[in-house]
Amino acid sequence: MSPADPGAAEEPSAELHAVAPRLRALRRAASLTLEAAARAAGLSPAHLSRLETGQRQPSLPMLLTLARVYGTTVSELLGEAVPDRDAVVRATDMEPAPAGGWTYWQAGSSGRGMQALRVHVPYGSQGDIVRVHPGEEWLYVLKGRLSLRLGDTAHVLAPGDSAHFDSLTPHRIAAAERDGADLLFVHTLLQSPVAALCLGPATGHPTPGETS
């Protein structure tokens, strides 16, 4: 997939200014040049540079991608920490974190081989982003209806439905209803900084919500 530079520039927030230097520090810790990291994440070097300087806001899918590239977690990218890798995460300790229109709550401990999230996907947010990366993903719909495209096949999942798939299959997630969708989401965290990943706008397929 060709490097993409999706989305328009947004006004940086205080939270974003805190994320930006961590993105740069983690890239350097992984011994990756700006060009190599951008290529691994399916971004242009200019777009990654704007993320690192706080001029562009990363979406949740983009944070997931960069976390895989750098061999870390979204929690570390956002400066969050779960002390002593507790086995139990209390609901009162789950702080909402907005990213690119999505809202997520960390539902598992950091530093594990899998990352568990509770996610709210609003209608129309990041619905044109296609993801391809090594690993596996599992999701379970809690509320609303979720559009999931796996390769050339579109699915609409209702509450109680789940999906478990190879992340090398091009996939796209979007809310199928205007009230959005809530889901549990688990993905494997790859520790290799050279994993082949990509992000970009979907092409050649109808919107998942148009197919049931």
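In case you missed it, the structure is sitting above this.
K.L.:
Let's hear about empty space enclosed by the protein: which residues, and what values?
P.N.:
In total, this model carries 1 cavity of 30 Å³ or more according to the counting rule given. Empty space within the largest cavity amounts to approximately 100 Å³. If you go around the largest cavity, you meet 15 residues; those closest to its centre are L64, W102, R131, I173 and F185. Residue assignment for the lining of the largest cavity shows that the elements contributing at least two residues are α4 (60–70), β3 (114–121) and β10 (181–188). Considering every element that reaches the lining of the largest cavity, the biggest residue donor is α4, with 5 residues. Its residues placed into classes, the lining of the largest cavity shows 10 nonpolar, 2 polar and 3 charged.

K.L.:
Which residues make up the sheet that holds β10, and what are the values?
P.N.:
Ordered in space as β1-β2-β3-β10-β5-β8, the 6 strands form an open sheet in which the pairing is antiparallel. Strand pairing shows two members of the sheet lacking a second neighbour, β1 (97–99) and β8 (162–166), which therefore form its edges. If you compare each strand with its neighbour and ignore which way they point, the axes differ by 25 degrees on average.

K.L.:
Can you tell me about the packing of aromatic side chains, naming the residues and giving the values?
P.N.:
On inspection of all chains with the given rule, the structure shows 1 aromatic pair. The interplanar angle of 15 degrees and the centroid separation of 6.2 Å between the aromatic rings of W138 and Y140 together place this pair among those described as stacked. Classification of Y140 as partly exposed rests on a relative accessible area of 30%. In this structure, R118 is placed above the aromatic ring of W105, and the distance from its NZ or CZ to the ring centre is 4.2 Å.

K.L.:
Would you mind going over helix α2 (residues 34–41) in detail, with residue names and values included?
P.N.:
Every buried residue of α2 is listed here: L34, A37, A38, A40 and A41. One side of α2 carries all its buried residues, which in axial view fall inside an arc of 160 degrees. Once α2 finishes, G42 follows within two positions and takes phi at roughly 75 degrees, a positive value.

K.L.:
How would you summarise the packing of α2 against α4 if you had to cite specific residues and measurements?
P.N.:
Relative to each other, α2 and α4 sit at 120 degrees, their axes nearing to 9 Å. Judged by the angle between their axes, α2 and α4 are oblique. Between α2 and α4 lies a crossing of right-handed hand. Within the contact between the two elements, α2 uses A37, A40 and A41 and α4 uses T65, L66, V69 and Y70. Class assignment for the residues of the contact of α2 with α4 results in 6 nonpolar, 1 polar and no charged.

K.L.:
How would you summarise α4 if you had to cite specific residues and measurements?
P.N.:
Residues that lie three or four places apart on an α-helix share one face, since the helix turns once every 3.6 residues. The buried count for α4 comes to 11 of 11 residues, which makes it a mostly enclosed element. Within α4, burial applies to L60, P61, M62, L63, L64, T65, L66, A67, R68, V69 and Y70. Phi turns positive, to about 65 degrees, at G71, one or two residues after α4.

K.L.:
Residue-level account of the environment of V19, with values.
P.N.:
Relative to the helices and strands, V19 resides in helix α1 (residues 14–29). Taking the C-alpha atoms as reference points, V19 and G79, separated by 60 residues in sequence, lie 7.3 Å from one another. Not counting residues up to four positions away in its chain, the partners in contact with V19 are L77 and L78.

K.L.:
Quick one: what's the story with the side chain of E52, residue by residue and with numbers?
P.N.:
Mapping E52 onto the fold places it in helix α3 (residues 45–52). The buried category is assigned to E52, whose relative accessible area is 4%.

Definitions and cut-offs
Residues numbered from 1 in each chain as written. Predicted model: local features only at pLDDT ≥ 70, side-chain atom pairs only at ≥ 80, totals over all residues. Heavy atoms only, no water. 1 Å grid on protein atoms, 1.4 Å probe; cavity = no way out; pocket = protein on both sides within 12 Å on 5 of 7 lines; lining within 4 Å. Points joined across faces, edges and corners; volume = space filled by probe spheres on them. Helix = DSSP H or I, 4+ residues; strand = E, 2+ residues; numbered from the N terminus. Nonpolar A, V, L, I, M, F, W, Y, C, P; charged D, E, K, R; others polar. Pairing = 2+ DSSP bridges. Axes fitted to C-alpha atoms, helices over the stretch in contact; angles between N-to-C directions. Phe/Tyr/Trp six-rings, centres within 6.5 Å; stacked < 30°, edge-to-face > 60°. Buried < 20%, exposed > 50% of the residue type's maximum accessible area, 1.4 Å probe, protein only. Lys NZ or Arg CZ within 6 Å of the ring centre and 35° of its normal. Arc of directions from axis to C-beta. Parallel < 35°, antiparallel > 145°, perpendicular 65-115°, else oblique. Left-handed = near helix turned anticlockwise from the far one by under 90°. Contact = heavy atoms within 4.5 Å.

In short, the description is geometric, and any link to function would need to be established separately.
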